[in-house]
Amino acid sequence: MAGHSIAYISVGSNLGDKLENCRRGIAALEAIPEIRVTGRSRFYKTEPVDFTAQDWFVNSAVRLQTGLGPFELLDRLLIIQRDAGRPLTGLRFGPRILDLDLLMYDQLVREDSRLWLPHPRMHRRRFVLQPMCDIDPSIVHPLLGKNIQMLLAELDEHGQRVVELR
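Residues numbered from 1 in each chain as written. Predicted model: local features only at pLDDT ≥ 70, side-chain atom pairs only at ≥ 80, totals over all residues. Heavy atoms only, no water.

Caption draft 1: Structural view of the overall build of the protein. Across its full length, the protein holds 4 helices and 8 strands. Listed by position from the N terminus, the elements making up the protein come as β-α-β-β-β-α-β-β-β-α-α-β. Here the C-alpha radius of gyration of the protein, 15 Å, is about what a compact globule of 166 residues would show, namely 15 Å. Within the protein, the fraction of its 166 residues that count as buried is 46%. Restricting the contact set of the protein to residue pairs at least 6 apart, pairs at least 24 apart contribute 70%. Looking at the protein, you have 22 positive and 21 negative side-chain charges, and the mean spots of the two groups are 2 Å apart. (Helix = DSSP H or I, 4+ residues; strand = E, 2+ residues; numbered from the N terminus. Rg over C-alpha atoms; globule rule 2.2 N^0.38 Å. Buried < 20%, exposed > 50% of the residue type's maximum accessible area, 1.4 Å probe, protein only. Contact = heavy atoms within 4.5 Å. Lys, Arg positive; Asp, Glu negative; His and termini not counted. Charge placed at Lys NZ, Arg CZ, Asp CG, Glu CD.)

Caption draft 2: Spotlight on the pattern of salt bridges. With the rule as written, the count across this model stands at 13 salt bridges. The salt bridge involving E47 is made with R161; its shortest N-O contact spans 3.1 Å. Of the two residues, E47 is situated in the loop between β3 (44-46) and β4 (57-66) and R161 in the loop between α4 (148-154) and β8 (162-164); the sequence distance between them amounts to 114 residues. Overall, the relative accessible area of 16% leaves E47 in the buried class. For R166, the salt bridge is made with E164, and the minimal N-O distance between the two is 3.6 Å. The network of salt bridges with common partners includes R42, D134, E164 and R166. (Salt bridge = Lys/Arg side-chain N within 4 Å of Asp/Glu carboxyl O.)

Caption draft 3: Representation of the pairing of β4. Counting buried positions along β4 yields 10 of 10 residues, so the element is predominantly enclosed. Side chains F57, N59, A61, R63 and Q65 of β4 all project onto a buried face; the interleaved residues V58, S60, V62, L64 and T66 project onto the opposite face, where all are buried too. Pairing between strand β1 (residues 5-13) and β4: 9 bridges, direction antiparallel. The partner of I6 across the bridge, within β4, is Q65. (Pairing = 2+ DSSP bridges.)

Given below as structure tokens:
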């Protein structure tokens, strides 16, 4: 896949067998011929953010090499979520069986009604930044000009507990 794009995906679940839901989501990504998973984080148990009246999540992240464009990749993520049993509509930031978020696609910056790149809240989310640091702490946020490790270090500890899943 030389010359293909690099994308980072956040993987999460807080319903059912959370760890298995995440593993199945990653396996579904690996089954797509135009995708090769080139990096994986550890799995973390993470405190919910924004809508806190719900169970904790299991979160991880993966780095992909892909021949898919950003919108094609987004469509594949939505299909995997739907196939896992996630409804197309639901409570914003609420419980979900599988959540696959496109965090970054190369260094592309885009604001569109369907897709914002980089993900507009990734730099404020410990459950995103910690797994990304496992893969490569030197990744630079294309808008903020800071690497992921710096962004993680700048976060306030309040309400964003992240514990490695063992």
